[in-house]
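As a plain string of letters, each chain reads:
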Amino acid sequence: MTLDAKVPSGPIAQKWEKHKFELKLVNPANKRRFEIIVIGSGLAGGSASATLAEQGYNVKCFCFQDSPRRAHSIAAQGGINAAKNYQNDGDSVFRLFYDTVKGGDFRSREANVYRLADVSVNIIDQCVAQGVPFAREYGGYLDNRSFGGAQVSRTFYARGQTGQQLLLGAYQALERQIGLGKVQMFPRTEMLDLVVDEGRARGVVTRDMVSGEITSYSADAVVLATGGYVNVFFLSTNAKGCNTTAIWRAHRRGAYFANPCYTQIHPTCIPVHGDYQSKLTLMSESLRNDGRIWVPKTAGDGRKPADIPESERDYFLERRYPAFGNLVPRDIASRAAKEVCDAGHGVAHEGRGVYLDFADAISRLGREAIADRYGNLFEMYERITADDPYGTPMKIYPAPHYSMGGLWVDYNLMSNVSGLYVIGEANFSDHGANRLGASALMQGLADGYFVLPYTIGDYLSRHMGEEPLATDHAAFRQVESEVYGRIDKLLSVNGSQTVDFFHRELGRLCWDLCGMSRHREGLLEALERIPELRERYWREVRVAGSGEELNQSLEKAGRVADFMELAELMCRDALEREESCGAHLRLEHQTAEGEAMRNDEEFAYVAAWEFTGAGATPRMHKEELEFENVPFSQRSYK
């Protein structure tokens, strides 16, 4: 089956404006009649909830944190892209579009990416109006810095706290609507399943994480804004609570899962320092503006970095990619770091690290200037490692960070399940096989502020006068029964191993066999071992406590059960894709220099997987990708 993305006709620069005019509208008085559920309160979910309520819709917003302010968007550090061209250095909407398509290795949908670049200029104005304290130059103008994959300065930032400041802006808009009674907020509440009736999303079933109460909620449309799934690797830069449950349960109810093997490996994370570490810490990509990445030229060199002279250092990114140097895209930098470490030149724990050195920048600009740009990041690094980056180079290594895969959506951001919308990192549409830095915040706010509020009205207008499905309807009762059954099953296993034991085992499997580099034999091995691990999980896991109380062990158990199923789909997707693309190096498909080799003739498509039953082989559907405005080319950053 070939999927219809509903991309408008016409020149790419005119598609969105043309489409907005053609969409059916809901007049202000009628908007009050509609109920919309939003799952997630981060940049995508918070901005969508606030904007939809501002338009007049009645919104129920759910988050599993104790406050919307604690959404994982708060952890984003380096910045947000926008094609403002304030630096007058040649940026434009088309250049941002071009860089994003190229950076994604030609595996994203052109029309969505152009729209993202187009509305990026409005995002900055929106956020400034909300009081987001972006960095400014001496004269008062908004400042910009560069990020990987671009040769212009287009990234707006608030020191190393950009995500936090942007989230506070969206949170204030959300709180205003909560105060006005247009948004009903449900913190500490987790979505456990989606209710679908006659092909339409009609509501959700949730669990109160304090009392354990299971409750159903009905609405005219459901919006998933629940972020990514890279915690499938156990060790990642994501908060420990980040999970796949909302989108995976929607997938099991019929929503197609697109490109699940596309996960991003971030090149600048603090290296793993022990076997029992529970998560990894991100160091912003913005540090690569002034930091130089190097390793000792001699393998196994155990000297302190200060004792290694310049002539014995390999600035490998500058050597291999002179045009971009340390600002190559994340996938290129990550693979290059892994190669030099695999060759024995790494530093840190088990040789899994490279140096990020600021000595030249401090000498050129002064310590105060570096502190102004990165001071809080340097402080965070020192607190974690006890090393002072002003005097000693940071140690960094690639780590799982972001999900480019997610639920399939059309141009309107609606999944193949009618009435189910998916925004932000939870959908697949904008980043292809590799996300450029500073584009996650851009996509989340673009979807929430400027895209979904237009497109959802077209769907709702077609169901004017229809009542939401009552929560005592058989469809809700059936899903509730399945939710209770799943909880009872997890609690009744009473095995001998913790949830974290199985999660760690799964993470190692995924990282070793479906991480930065993959090969056919390893993926086939993973597809044998993951089902075996999943079977052991349901036989040996131990979940203490009950379902009628605060029970974090139960919460984790349900999430890891979903990761077990997702991991198998990731490996199957990776096995089917016989090419190297973005952050995903198939060892069988690389140049003599170790660069990725795409296969555009056979794999220029989105792989959208349909769930066909527990333990059954999923069915793949394709959305063929066409590149009319950015022709296929081999990526080069040399």
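Going by the structure above, here's the rest.
Owing to the predicted nature of the structure, the values given are computational and were not obtained by experimental measurement.

Asker: How do you make sense of the overall build of the protein when you look at a structure like this?
Answerer: Regarding its fold elements, the protein presents 17 helices and 21 strands. Against the 2.2 N^0.38 benchmark of 26 Å for 638 residues, the protein shows a C-alpha radius of gyration of 24 Å, consistent with a compact globule. Looking at the protein as a whole, 62% of its 638 residues are labelled buried. Long-range pairs, those at least 24 residues apart, make up 74% of the contacts in the protein with a sequence separation of at least 6.

Asker: Where do I start with the side chain of glutamine 165 in this structure?
Answerer: Its place among the elements puts glutamine 165 in helix H6 (residues 162-179). Beyond its immediate sequence surroundings of up to four residues, glutamine 165 is in contact with Val132, Pro133 and Ala158.

Asker: Teacher, can you tell me more about the pattern of salt bridges here?
Answerer: Evaluated as defined, the whole model comprises 57 salt bridges. With a shortest N-O distance of 2.6 Å, arginine 253 and glutamate 482 are connected by a salt bridge. Residue arginine 253 is located in the loop between helix H7 (245-252) and strand S10 (257-258), and its partner glutamate 482 is located in helix H13 (residues 474-493); the two are separated by 229 residues in the primary sequence. A salt bridge links aspartate 360 to arginine 292; the shortest N-O distance between them is 2.5 Å. Placement of aspartate 360 in helix H10 (residues 359-365) and of arginine 292 in strand S12 (residues 292-296) is noted, with a sequence separation of 68 residues between them.

Asker: Looking at this structure, how should I read the sheet that holds strand S6 (residues 189-197)?
Answerer: Backbone hydrogen bonds are what pair the strands of a sheet, in a parallel or an antiparallel way. With antiparallel pairing, the three strands of this open sheet are ordered in space as S6-S7-S8. The open sheet has two free edges, formed respectively by S6 and strand S8 (214-218), since each of these has just one partner strand. Looking at each pair of strands side by side, their axes are set apart by 25 degrees on average, direction ignored. As judged from the eight bridges shared by S6 and strand S7 (residues 200-208), these two strands associate in the antiparallel manner.

Asker: Honestly, helix H4 (residues 93-103) in this entry has me stumped. Any pointers?
Answerer: With eight of 11 residues buried, H4 is to be regarded as a mostly interior element. Those residues of H4 not exposed but buried are Val93, Leu96, Phe97, Asp99, Thr100, Val101, Lys102 and Gly103. Buried residues along H4 sit in contact with strand S3 (80-81), helix H5 (110-129) and helix H12 (440-461). In the segment just after H4, aspartate 105 is the residue with positive phi, at about 60 degrees.

Asker: Is there a simple way to think about the pairing of strand S14 (residues 354-357) in this case?
Answerer: Regular strands show a simple pattern: their side chains alternate between the two faces of the sheet. Residues Val354 and Leu356 line one face of S14 and the alternating positions Tyr355 and Asp357 line the opposite face, and both faces are buried. Of the pairings in the sheet, the one linking S12 to S14 comprises three bridges and is antiparallel in character. Residue pairing in the sheet places tryptophan 294 in a bridge with tyrosine 355 of S14. Where S14 meets strand S15 (residues 394-403), three bridges bridge the pair, whose relative direction is antiparallel. What sits directly across from leucine 356, in S15, is methionine 394.

Asker: Looking at this structure, I do not really get the packing of aromatic side chains. What am I missing?
Answerer: For any pair of aromatic rings, the description rests on two quantities: the centre-to-centre distance and the angle between the ring planes. Following the criterion strictly, the structure yields 29 aromatic pairs and no others. Each ring, one from tryptophan 16 and one from tyrosine 411, has its centre 6.1 Å from the other, and the planes form 70 degrees; the classification is edge-to-face. A residue pair is termed long-range when its members are at least 10 positions apart, and tryptophan 16 in helix H1 (residues 15-22) and tyrosine 411 in the loop between strand S16 (406-407) and strand S17 (420-422) qualify at 395 residues. For the pair shown, tryptophan 16 and tyrosine 411 are each scored as buried. Ring centres 4.7 Å apart and planes at 40 degrees place the aromatic pair tryptophan 294 and tyrosine 355 in the tilted group. Of the two residues, tryptophan 294 is situated in strand S12 and tyrosine 355 in strand S14; the sequence distance between them amounts to 61 residues. Take tryptophan 294 and tyrosine 355: they sit in the same class, and that class is buried. Cluster of aromatic residues (ring-pair linked, three or more members): Phe358, Tyr374, Phe378 and Tyr390. The positively charged end of arginine 313 is found above the aromatic ring belonging to tryptophan 294, 4.1 Å away from the centroid. In this structure, arginine 559 packs its charged tip against the face of phenylalanine 64, placed 5.0 Å from the ring centre.

Asker: What's the story with the nonpolar core in this structure? I'm lost.
Answerer: For soluble globular proteins, the rule of thumb is that nonpolar side chains tend to be buried together. In this structure, Ile80, Leu224, Leu420 and Tyr537 are the most contacted members of the largest nonpolar core, which totals 152 residues. Counting residues per element, this core draws most heavily on helix H16 (residues 552-576), at 13 residues. Dropping the residues within four chain positions of it, isoleucine 80 is found in contact with Ile123, Ile124, Phe134, Arg154, Thr155, Phe156, Thr162, Leu166, Ala438, Leu441, Met442 and Leu445. With 31 residues, the next largest nonpolar core counts Ile293, Val328, Ile370 and Tyr397 among its residues.

Asker: Help me understand the pairing of S7 in this model?
Answerer: Counting buried residues along S7, eight of its nine residues qualify, which places the element largely inside the surrounding structure. Hairpin connection from S6 to S7: two residues lie between these consecutive antiparallel strands, with glutamate 198 at a positive phi of about 50 degrees. Here S7 runs beside S8; their pairing, made up of five bridges, is antiparallel. Following the sheet pairing, valine 204 is matched in S8 by tyrosine 217. The loop that links S7 with its antiparallel partner S8 comprises five residues; one of these, glycine 212, has a positive phi angle of about 85 degrees.

Asker: How should the packing of H7 against H16 be read in this particular structure?
Answerer: Between H7 and H16, the least distance of the axes is 10 Å, while the angle of their chain directions is 60 degrees. Compared by their axis directions, H7 and H16 come out oblique. In this structure, H7 meets H16 at a crossing whose hand is left-handed. From H7, Thr245, Trp248, Arg249, His251 and Arg252 reach across to H16, where they touch Gly558, Arg559, Asp562, Glu565, Leu566 and Leu569. Within the contact of H7 with H16, the residues separate by chemical class into three nonpolar, three polar and five charged.

Asker: Would you mind going over the sheet that holds S15 with me for this structure?
Answerer: Spatially, S11-S15-S14-S12-S13 is the arrangement adopted by the five strands of the open sheet, whose pairing is antiparallel. Among the strands making up the open sheet, the edge pair consists of strand S11 (263-269) and strand S13 (313-314). In this fold helix H9 (residues 330-345) packs onto S11, S12, S14 and S15, with an angle of close to 65 degrees to the strand it touches most, S11.

Cut-offs and rules
Counting restarts for each chain, with residues numbered from 1 along the sequence as it is written. Reporting in this predicted model follows two pLDDT cut-offs: at least 70 for local features of residues, and 80 or more for side-chain atom pairs to be given and counted; totals over whole chains, interfaces and linings ignore these cut-offs and use all residues. Excluding hydrogens and water, the side-chain values take into account all heavy atoms of the structure. Counting from the N terminus, the helices are the DSSP runs of H or I reaching at least four residues and the strands are the DSSP runs of E reaching at least two. Radius of gyration: over C-alpha atoms. The globule rule applied is 2.2 Å multiplied by the number of residues raised to the 0.38 power. Note on exposure labels: buried denotes an accessible area under 20% of the residue type's maximum, exposed denotes more than 50%, and partly exposed covers the range between, all computed with a 1.4 Å probe on protein chains only. Should any heavy atoms of two residues lie within 4.5 Å, those residues are considered in contact. Here a salt bridge means any side-chain nitrogen of Lys or Arg lying within 4 Å of a carboxyl oxygen belonging to Asp or Glu. DSSP-based pairing: two strands are paired if at least 2 bridges between them are found. Angles shown run from 0 to 180 degrees and are taken between the N-to-C directions of axes, each axis being a line fitted to C-alpha atoms and, for helices, limited to the stretch in contact. Aromatic rings from Phe, Tyr and Trp, with only the six-membered ring used for Trp, were paired whenever their centres fell within 6.5 Å, and each pair was classed as stacked if the ring planes differed by under 30 degrees, edge-to-face if by over 60, and tilted otherwise. Two limits define a charge over a ring: the Lys NZ or Arg CZ must be within 6 Å of the ring centre, and within 35 degrees of the ring normal. Residues belong to a common nonpolar core when they are buried Ala, Val, Leu, Ile, Met, Phe, Trp, Tyr or Cys residues joined through side-chain atoms within 4.5 Å. Oblique is the label for any angle not under 35 degrees, not over 145, and not in the 65 to 115 range, which are roughly parallel, roughly antiparallel and roughly perpendicular in turn. In this scheme the handedness of a crossing depends on how the near helix is turned from the far one: anticlockwise by less than a right angle means left-handed, clockwise means right-handed. Only Asp, Glu, Lys and Arg are considered charged, only Ala, Val, Leu, Ile, Met, Phe, Trp, Tyr, Cys and Pro nonpolar, and every remaining residue, Gly among them, polar.

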